[in-house]
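These are the residues of each chain, in order.
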Amino acid sequence: MAEFGVEMEKNLIAIYRAKPAENPEILKILADEMLFTESFVYCDDNHDGMVIMEELISCEEHFLKALNRPMAMKLNRMEIGDTDNDGKLQLAEWALAGAMWDLAFGKTMVSTLGKGHLDDEKLNEFAIYKILGLVGHFFNDTDYSTAMDILFTADDDHDNKYSAAEIGCLQQHFYNDFIRKQMWSAH
Ligand SMILES: [Ca+2]
Ligand SMILES: [Ca+2]
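Residues numbered from 1 in each chain as written. Chains lettered and ligands numbered in written order. Predicted model: local features only at pLDDT ≥ 70, side-chain atom pairs only at ≥ 80, totals over all residues.

1. Concerning the overall build of the protein chain
Then step 1. Scanning the protein chain from N- to C-terminus turns up nine helices and four strands.
Then step 2. For 187 residues, the compact-globule estimate of 2.2 N^0.38 gives 16 Å, and the C-alpha radius of gyration of the protein chain, at 16 Å, lies within 12% of that figure.
Then step 3. Taking the principal axes of the C-alpha coordinates as reference, the protein chain spans close to 45 × 40 × 30 Å.
Then step 4. A buried classification covers 39% of the 187 residues belonging to the protein chain.
Then step 5. For the protein chain, the share of sequence-separated contacts (at least 6 apart) that also reach a separation of at least 24 residues comes to 66%. (Helix = DSSP H or I, 4+ residues; strand = E, 2+ residues; numbered from the N terminus. Rg over C-alpha atoms; globule rule 2.2 N^0.38 Å. Buried ≥ 20, exposed ≤ 12 C-beta atoms within 10 Å, placed from the backbone. Contact = placed C-beta atoms within 7 Å.)

What follows is the structure, encoded as structure tokens:
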């Protein structure tokens with residue numbers, strides 16, 4: 001997965017540097033207004049409507065610890081998301097940073113796993129099942145029916161092909177499902 005990390009970082013930087021708020025693929029991910037709400041609430045530990053660096057570090061640590069995964073990324077969400085530079089992420093900034101991350105993930109999936117399975121720069125069904133296995137496994141084997149629901153929801157135009165933006169949404173839905181389980185088990 002070393003190659004994945006390098007590619008992911010490269011894609012994220014490219015997206016970050018090219019007016020992300022005007023990027024049509026980013027806007028497509030952000031069209032689902034609820035997509036980033038759960039992760040925001042999850043990280044906003046003191047419920048003041050803002051995520052500060054300490055909260056960001058603590059929720060990412062908690063997330064990776066729950067999954068037993070080491071910390072990977074060098075570029076954090078505060079760096080890419082804090083557009084007004086006040087050291088805090090509001091929901092809109094959080095969502096934009098999340099969409100950048102998700103799109104970078106989708107692009108990385110398309111380029112690393114798409115060889116031989118591309119159709120108009122979208123992954124075909126065969127490739128998406130590979131990704132589903134990979135992402136599902138990362139999120140500690142999300143159950144089959146949840147995974148199928150996510151697969152259906154993420155294919156926004158239901159053409160059985162997956163663009164980078166749709167794969168980004170797919171991974172965010174998995175993340176949200178993970179958070180939901182964490183929140184339930186904590187209460
Ligand atoms: Ca907060
Ligand atoms: Ca801010």
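So that's the structure; there's more coming.
2. Thoughts on unusual backbone geometry
Then step 1. Within the chain, histidine 47 stands out as a residue other than glycine whose phi angle is a positive 55°.
Then step 2. Residue position: histidine 47 is located in the loop between helix H3 (37-43) and strand S1 (51-52).
Then step 3. Note on histidine 47: 7 C-beta atoms within 10 Å, which makes it exposed.
Then step 4. A positive phi angle, close to 60°, is found at asparagine 160, a residue other than glycine.
Then step 5. Positionally, asparagine 160 belongs in the loop between helix H8 (144-154) and helix H9 (164-186).

3. Quick word on the environment of leucine 30
Then step 1. Relative to the helices and strands, leucine 30 resides in helix H2 (residues 24-30).
Then step 2. Residue classification places leucine 30 among the buried residues on the basis of 20 C-beta atoms within 10 Å.
Then step 3. Placed 77 residues apart in sequence, leucine 30 and lysine 107 show a C-alpha to C-alpha distance of 16 Å.
Then step 4. In this view, leucine 30 contacts Ala95 and Ala99; residues no more than four positions away in its chain are not counted.

4. A look at the environment of aspartate 48
Then step 1. Note on placement: aspartate 48 falls in the loop between H3 and S1.
Then step 2. Separated by 38 residues in sequence, aspartate 48 and lysine 10 place their C-alpha atoms 33 Å apart.

5. Observations regarding the nonpolar core
Then step 1. Membership of the largest hydrophobic core comes to 46 residues, with the highest contact counts inside it found for Ala99, Met100, Leu103, Ala104 and Ile167.
Then step 2. Where this core is concerned, the elements lending two or more residues are helix H1 (2-17), H2, H3, helix H6 (91-113), helix H7 (125-138), H8 and H9.
Then step 3. If one sorts the elements of this core by residue count, H6 sits on top with twelve residues. (Core = buried A, V, L, I, M, F, W, Y, C linked by C-beta atoms within 7 Å.)

6. What to know about helix H4 (residues 53-66)
Then step 1. Its 14 residues place the ends of H4 20 Å apart at the C-alpha level, agreeing with the 20 Å of an ideal helix rising 1.5 Å per residue.
Then step 2. Positive backbone phi, at 60°, marks asparagine 68, one or two positions downstream of H4. (Expected span 1.5 Å × (residues − 1).)

7. Quick notes on H8
Then step 1. Within H8, burial applies to Ala147, Ile150, Leu151 and Ala154. Summarising the axial view, the buried residues of H8 lie within an arc of 100°, below the 170-degree limit, and thus occupy one face. Facing away from the buried side of H8 by more than 90 degrees, the exposed set consists of Ser145, Met148 and Phe152. (Arc of directions from axis to C-beta.)

8. Structural notes on the environment of phenylalanine 105
Then step 1. Relative to the helices and strands, phenylalanine 105 is located in helix H6.
Then step 2. The sequence separation of phenylalanine 105 and aspartate 32 amounts to 73 residues, and the corresponding C-alpha distance is 18 Å.
Then step 3. If near-sequence neighbours (up to four positions away) are discounted, phenylalanine 105 is found in contact with Met8, Ile167, Gly168 and Gln171.

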